[in-house]
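# Examination of the molecular architecture
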Amino acid sequence: MIQLDEAETRLSIEDNEQALRVFGRHDQHLKMIERSFGIKVVPRGNELIITGAKGEVEKVATLFHHLLGLAKEGNSPSSSEVRYAIRLTQEGQADRLDEIFSDIILITPRGKQIKPRTLGQRQYVEAIRRDALVFGIGPAGTGKTFLAVAMAIAGFRNHEFQRIVLTRPAVEAGEKLGFLPGDIQEKVNPYLRPLYDALFEMLGVETFEKFMSKGQIEVAPLAYMRGRTLDDSFVILDEAQNTTPEQMKMFLTRLGIGSKAVVTGDITQVDLPKGVFSGLDQVRTVLKDIEGISFVYLTDQDVVRHELVQKIIKAYERFEADGRSGEHA
């Protein structure tokens, strides 16, 4: 029996595969949606029956309409994507889900679709498409580096660029790499590992090694950029919060004709020695309001890792806002 303040809506499901993609493993997405809106969702045959408070039922029906549409196109939303879709729906922005999740940058050799998963990530990807120099600033887990690498590979495959150059400052090792075993490349590889990981996933190891051997992909510490001019290249400077102002200026002036640069970093995680100013922090003032340069700020709302990462970031923000960052437990 449906109460006077309740409503019921039925949605059609085309097939079991479409349903499985939306419901998630062991119906975990279904349960997440029920908890978030305080409604009941019952799959019955080729229908989805939604019951609960009228306003919430309408929101959930809209949410499922978009999720089922995406599933029909072959998309399988992850738990983090469904969680974000729930938040957008609660904020009255469910109509933007298609805009986000249908923007596929590339497909990996294993068939994984690389795409923005939040409005902030979508804005970031659009800025990279539009401008020659983009700064992606935000906390860990917001996809800054991963999406930049995806855009670089997509541009390379489309013959927009002849080369991909990825670089990081090896701050953790300072200028004293000698204590590490091996040649210079082996010494700096641990600091470049996240860049290699992204390339391996998107290209496959064999393809990556082929492009590396031909010099079409280069992964190197920032010090290797000095004195060079990078033409027809997609250049990514990762962990840029750990550059000095001098290093940042050096890197930005390497950009040659036909090139694009993406600079990523988290200004809350600077590892420079005490008293050394971050080049990424400074450049926000130096280059603001210059046409062709974008600054995109991602937040904890754009985190696409484990849901705990978002909570951890918020907890640290509260802790530091209280002025207790120097205290010990």
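Whatever comes next refers back to the structure up there.
Residues numbered from 1 in each chain as written. Predicted model: local features only at pLDDT ≥ 70, side-chain atom pairs only at ≥ 80, totals over all residues. Heavy atoms only, no water.

A few words on the overall build of the protein chain. Secondary structure summary: the protein chain contains twelve helices and eleven strands in total. A total of 329 residues make up the protein chain; the buried ones form 48% of that total. For the protein chain, long-range pairs separated by at least 24 residues make up 68% of all intrachain contacts whose partners lie at least 6 apart in sequence. When the accessible surface of the protein chain is split by element, carbon and sulfur atoms take 50% of a total near 17,300 Å². (Helix = DSSP H or I, 4+ residues; strand = E, 2+ residues; numbered from the N terminus. Buried < 20%, exposed > 50% of the residue type's maximum accessible area, 1.4 Å probe, protein only. Contact = heavy atoms within 4.5 Å. Areas by Shrake-Rupley, 256 points an atom, 1.4 Å probe, with all protein chains shown as cover.)

In this section: the environment of Ala7. Structurally, Ala7 can be placed in strand 1 (residues 6-12). It is 8.1 Å that separates the C-alpha atoms of Ala7 and Ile50, two residues lying 43 residues apart in sequence.

Read across the open sheet, the six strands follow the order 8-7-9-10-6-11; overall the sheet is parallel. The open sheet has two edge strands, strand 8 (217-221) and strand 11 (293-297), and neither has a second partner. Averaged over neighbouring strand pairs, the angle between their axes works out to 15° when direction is ignored. The sheet strands contacting helix 7 (residues 144-157) are strand 6 (133-137), strand 7 (163-168), strand 9 (233-237) and strand 10 (260-265), and the helix crosses strand 9 at an angle near 170°. Sheet strands touched by helix 11 (residues 279-286): strand 6, strand 10 and strand 11. Its angle to strand 6, the strand with the most contacts, is close to 125°. (Pairing = 2+ DSSP bridges. Axes fitted to C-alpha atoms, helices over the stretch in contact; angles between N-to-C directions.)

Moving on: the environment of Ala71. Looking at the secondary structure, you find Ala71 in helix 3 (residues 54-72). Ala71 sits 49 residues away from Val22 along the chain, and the two C-alpha atoms are 6.6 Å apart. The contact partners of Ala71, leaving out residues within four places of it in the chain, are Gln18, Arg21 and Val22.

Our focus in this paragraph is the nonpolar core. By size, the foremost hydrophobic cluster in this structure holds 36 residues, and its most contacted members are Leu166, Leu199 and Ile217. Elements that contribute at least two residues to this core include exactly helix 6 (119-130), helix 7, strand 7, helix 8 (184-203), helix 9 (205-213), strand 8 and strand 9. Those residues in contact with Ile217 that lie beyond four places of it in its chain are Ile164, Leu166, Leu199, Leu203, Phe208, Phe211 and Met212. The next biggest cluster of nonpolar side chains, apart from the first, holds 32 residues, and it includes Val41, Val82, Ile100 and Leu119. (Core = buried A, V, L, I, M, F, W, Y, C linked by side-chain atoms within 4.5 Å.)

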